[in-house]
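# Examining the three-dimensional arrangement
Listed below are the residues making up each chain.
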Amino acid sequence: MTRGFSRLALVLGLLSCIGPFAVDLYLPALPQITAGLGTTASAAQMTFTAYFLAFGLAQLIYGPMADWLGRKRPVYAGLAVFIAGSAICALAPDIHWLVFGRFVQALGAAAAMVIPRAIVRDMHTGTQATQLMALVMLVISISPMLAPLTGSAIIAAGSWRFLFVALGLAAALAMALTAWQLPETLPPERRVPLRPKAILGGCLDLMRDARFLGLTMTGGFGMASFFVFIGAASFVYTGHYGMSPVGFSLAFALNAIGFFGTSQLAAGLGRKHGMARVAFLAVTGFALCNGVLVALVAFGFDALGVVMAFLFLGNACLGLVIAPTMVMALDDHGENAGLASSLGGTLQMLAGALMLVLASPFFDGSVLPMVGAIALCSVLSLAFAALTLGPDLKNSAPA
């Protein structure tokens, strides 16, 4: 692995952290925000739904922009919008303004997620792209491991509003990092003019590509399970189990360690066994872990240690699903990697937002609704994997 390869992974990973960091940083403060704004837990969870919805829809904008203007200029625009959204959140007088601010934040954060994926596809394909994507995900892993602890420290020292000041400063630093360290990977001769009719046609072509759609939704419902966890976990861990904000932050970080730790094995296992086989076996393990967990909780075995252990194992399996399915979905679409990346990201975010909307009315602070919704996501992910990767596995099976 060259030094330049590692440096690129570091820069792309830090840039991609902006979106997840904006979610993870304020998780420990959610009960305080709910009380401080005089609202309900269901209303507070709308800040997640609004964020994921805007995050998904905005990717449809930044992908074509990145194919038209190059990779760097849309990043600058997105980070500027994110900073504006952070200011709205910091000054929000009520929950409605906070939801709006989160929506604006996500409109900007989408640029920092979709464009790095297109940059990876600009430079590499196959197992090399999987290795680079895994390294990017390793850098992103600092968000769920450190952001909740950082958020706990900030709210202990002052108001939860300071969380959004910190996010604005982080976006400003990301803008400087982009200017100084990120190369422009799409030269002018490869850029595609912004033609709405062509974009719509490209989206329809991608939606008719069963393999692209199946791989995207395999990863999408896997990610949706994590969105469900994000929306419910702070209330379950602090309310049902009585954990402190710091304790919740550590429990949250445990899942991230499982997910991002195994993601580093994806490229090596993919080279040895084939990415399709690795992804399918991993998503099967993901569904089994969550199925066993929901059964145990339904029968009364909802001890904190049991829940944490099975969530850790499930997320460890999920770490071998997201990067391979993302890479395989883009492999056949190098000529419009930006559009494919943005549409894939949009579909995945919409899947997460949909699951959160459907599950939120059942969230009552107990464990069963949370793990039940996570198990449903894992079953849907497995179903898409079976339909998409089943033929690959059958064709590659020894005679």
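Residues numbered from 1 in each chain as written. Predicted model: local features only at pLDDT ≥ 70, side-chain atom pairs only at ≥ 80, totals over all residues. Heavy atoms only, no water.

### A short note on the overall build of the protein chain
Keep this limit in mind: Strands are runs of DSSP state E lasting at least 2 residues, helices are runs of H or I lasting at least 4, and numbering of each runs from the N terminus. The reference for a compact globule is 2.2 Å times residues^0.38; the radius of gyration itself is calculated from the C-alpha atoms. The contact criterion used is simple: two residues touch if any of their non-hydrogen atoms lie within 4.5 Å. Neither His nor the chain termini are counted; the positive set is Lys and Arg, and the negative set is Asp and Glu. For this purpose, a charge sits on NZ of Lys, CZ of Arg, CG of Asp or CD of Glu.
A tally of regular secondary structure across the protein chain gives 18 helices and zero strands. Relative to the globule expectation of 21 Å for 399 residues, the C-alpha radius of gyration of the protein chain, 20 Å, shows essentially globular dimensions. The dimensions of the protein chain, computed from C-alpha atoms along their principal axes, are 55 × 50 × 40 Å. Pairs at least 24 apart in sequence give 87% of the contacts found in the protein chain among residues at least 6 apart. Here the protein chain holds 19 positive side-chain charges and 14 negative ones, and the gap between their average locations is 7 Å.

### Describing the nonpolar core
Rule in force here: We define a nonpolar core as any set of buried Ala, Val, Leu, Ile, Met, Phe, Trp, Tyr and Cys residues linked to one another through side-chain atoms lying within 4.5 Å. Only protein chains enter the accessibility calculation, which uses a 1.4 Å probe; a residue is then buried when its area is under 20% of its type maximum, exposed when over 50%, and partly exposed in between.
Residues Phe48, Tyr51, Leu98, Trp160, Tyr237 and Met370 are the most contacted members of the largest nonpolar core, which totals 125 residues. Contacts of Phe48, omitting those with residues within four sequence positions, involve Val23, Tyr26, Leu27, Leu30, Ile230, Gly231 and Leu356.

### Digging into the environment of Thr185
Within the fold, Thr185 resides in the loop between helix H9 (162-181) and helix H10 (196-208). Using a relative accessible area of 12% as the deciding quantity, one classes Thr185 as buried. Sequence separation of Thr185 and Asp122 is 63 residues, and the distance between their C-alpha atoms is 6.4 Å. With residues up to four places along the chain from it excluded, the contact list for Thr185 reads Arg71, Ile119, Asp122, Met123 and Arg190.

### Thoughts on the confidence of the model for the protein chain
Low pLDDT marks stretches whose predicted atomic positions should not be read closely. What counts is decided by this rule: As a per-residue measure, pLDDT tells how confident the predictor is, with possible values from 0 to 100.
Within the protein chain, residue pLDDT values average 84, and 92% of them lie at 70 or more. The spread of mean pLDDT over the elements of the protein chain runs between helix H7 (residues 126-140), the lowest at 69, and helix H14 (residues 275-298), the highest at 94.

### What to know about the packing of aromatic side chains
Selection rule: Only centres within 6.5 Å qualify two rings of Phe, Tyr or Trp (six-membered ring in Trp) as a pair; their planes then separate them into stacked at under 30 degrees, edge-to-face at over 60, and tilted for everything else.
One pass over the structure, following the stated rule, counts 16 aromatic pairs. Ring centres 4.0 Å apart and planes at 20 degrees place the aromatic pair Phe52 and Phe227 in the stacked group. Pair noted here: Phe52 is in helix H4 (residues 41-69) and Phe227 is in helix H11 (residues 210-240), with a separation of 175 residues, a long-range link. Here Phe52 and Phe227 have matching classes, each one buried. Pairing Trp97 with Phe100 gives two aromatic rings, centres 5.9 Å apart and planes at 85 degrees, and the pair type is edge-to-face. In this pair, Trp97 and Phe100 are both assigned in helix H6 (residues 95-123), three residues apart and thus about one turn of the helix distant.

### Some words on the packing of H4 against helix H5 (residues 72-90)
Here is the rule: Here, axes are lines fitted to C-alpha atoms. For helices the fit covers the stretch in contact, and angles between N-to-C directions go from 0 to 180 degrees. The labels follow the angle: roughly parallel below 35 degrees, roughly antiparallel above 145, roughly perpendicular from 65 to 115, and oblique for the rest. Working rule for handedness: look at the near helix, and if it is turned counterclockwise from the far one by less than a right angle, call the crossing left-handed; if clockwise, right-handed.
For the pair H4 and H5, interaxial distance at closest approach is 9 Å and the crossing angle is 150 degrees. In terms of orientation, H4 lies roughly antiparallel with respect to H5. Taken as a pair, H4 and H5 cross one another with a handedness that is right-handed. Across the interface between the two elements, Tyr51, Tyr62, Met65, Ala66 and Leu69 of H4 pack against Arg73, Pro74, Gly78 and Phe82 of H5.

### Let's talk about helix H12 (residues 245-263)
Where we set the bar: In this scheme, a helix's expected span is set at 1.5 Å multiplied by one less than its residue total. Under the rule applied, a polar contact is a pair of N or O atoms within 3.5 Å (in protein, one hydrogen donor and one hydrogen acceptor; residues adjacent in sequence only if both atoms are side-chain atoms).
In this model, H12 (19 residues) spans 27 Å end to end at C-alpha, consistent with the 27 Å of a helix rising 1.5 Å per residue. Its side-chain oxygen 3.0 Å from the backbone nitrogen of Gly247, Ser244 forms the N-cap of H12.

### Overview of a nonpolar patch on the surface
Rule in force here: Put simply, a patch holds well-exposed residues, over 30% relative accessible area, that have no salt bridge, with like charges counted together within 9 Å and Val, Leu, Ile, Met, Phe, Trp or Tyr side chains within 5 Å. Only the protein chains shown count as cover for residues, with accessible areas throughout obtained via the Shrake-Rupley method and a probe of 1.4 Å. Salt bridge, as applied in this entry: a Lys or Arg side-chain nitrogen positioned within 4 Å of an Asp or Glu carboxyl oxygen.
Together, Leu10, Leu14, Ile142 and Leu146 line one region of the surface with nonpolar side chains, adding up to about 320 Å² of accessible area. Looking at the nonpolar patch, the elements with two or more residues in it are helix H1 (3-16) and helix H8 (142-157). When its relative accessible area of 49% is taken as the criterion, Leu146 is described as partly exposed.

### A short note on the packing of H14 against helix H16 (residues 322-330)
Rules: Residues are grouped as follows: nonpolar covers Ala, Val, Leu, Ile, Met, Phe, Trp, Tyr, Cys and Pro; charged covers Asp, Glu, Lys and Arg; every other residue, Gly included, is treated as polar.
Taken N-terminus to C-terminus, the directions of H14 and H16 make an angle of 135 degrees; their axes are 9 Å apart at the nearest point. Taken together, the axis directions place H14 and H16 in an arrangement best described as oblique. As H14 packs across H16, the resulting crossing turns out to be left-handed. Listed contacts from H16 to Met275, Ala276 and Ala279 of H14 are Pro324, Thr325, Val327 and Met328. Here the residues of the contact of H14 with H16 are counted per class, giving six nonpolar, one polar and no charged.

### Here we look at the pattern of salt bridges
Enumeration according to the criterion identifies two salt bridges in this entry. A salt bridge links Arg71 to Asp67; its shortest N-O distance comes to 2.9 Å. With a closest N to O distance of 2.7 Å, Asp205 and Arg208 form a salt bridge. Taken together, the residues Asp205 and Arg208, both in helix H10 and three residues apart, mark about one turn of the helix. When its relative accessible area of 47% is taken as the criterion, Asp205 is described as partly exposed.

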